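Residue-level listing of the chains:
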Amino acid sequence: MYTEKGQVYSAGKDEVVEIPFDSRAPSGSTVYRTHDKKLMDSLKKKKANPET
């Protein structure tokens, strides 16, 4: 994933990113993120330690 600053591994709210995408989606199509690694990792930790 890339921003105007170069390659990044995360982006802030409303930050525009470019994602290399090899698919049949037409140019200019809106693509939605369907997986949030940081969120999923935090949920796994919470599930493993529900007391915290």
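Peer 1: How should the pattern of salt bridges be read in this particular structure?
Peer 2: A pair can form between side chains of opposite charge whenever their charged atoms are brought close. Inspection of the entire model under this criterion finds one salt bridge. As a salt-bridge pair, Lys37 and Asp41 come within 2.8 Å of each other at their nearest N and O atoms. Taken together, the positions of Lys37 and Asp41, both in helix α1 (residues 37-48) and four residues apart, correspond to about one turn of that helix. Judged by relative accessible area, which is 55%, Lys37 ranks as exposed. According to the relative accessible area criterion, Asp41 is partly exposed, its value standing at 28%.

Peer 1: Hey, could you run me through the side chain of Thr3 in this one?
Peer 2: The residue Thr3 is located in strand β1 (residues 2-3) in this model. The class for Thr3 is buried, based on a relative accessible area of 12%. Leave out the neighbours within four places in its chain, and Thr3 touches Val8, Glu15, Val16 and Val17.

Peer 1: I would appreciate a short explanation of the layout of surface pockets in the present structure.
Peer 2: Remark: the empty space left among the atoms is shown by a probe the size of a water molecule rolled over them. Here the largest pocket defines a volume of roughly 730 Å³. In this structure, the largest pocket is lined by 21 residues; those nearest its centre are Met1, Ala11, Val17, Ile19 and Arg33. In terms of residue class, the lining of the largest pocket is built from nine nonpolar, four polar and eight charged.

Definitions and cut-offs
Residues numbered from 1 in each chain as written. Predicted model: local features only at pLDDT ≥ 70, side-chain atom pairs only at ≥ 80, totals over all residues. Heavy atoms only, no water. Salt bridge = Lys/Arg side-chain N within 4 Å of Asp/Glu carboxyl O. Helix = DSSP H or I, 4+ residues; strand = E, 2+ residues; numbered from the N terminus. Buried < 20%, exposed > 50% of the residue type's maximum accessible area, 1.4 Å probe, protein only. Contact = heavy atoms within 4.5 Å. 1 Å grid on protein atoms, 1.4 Å probe; cavity = no way out; pocket = protein on both sides within 12 Å on 5 of 7 lines; lining within 4 Å. Points joined across faces, edges and corners; volume = space filled by probe spheres on them. Nonpolar A, V, L, I, M, F, W, Y, C, P; charged D, E, K, R; others polar.

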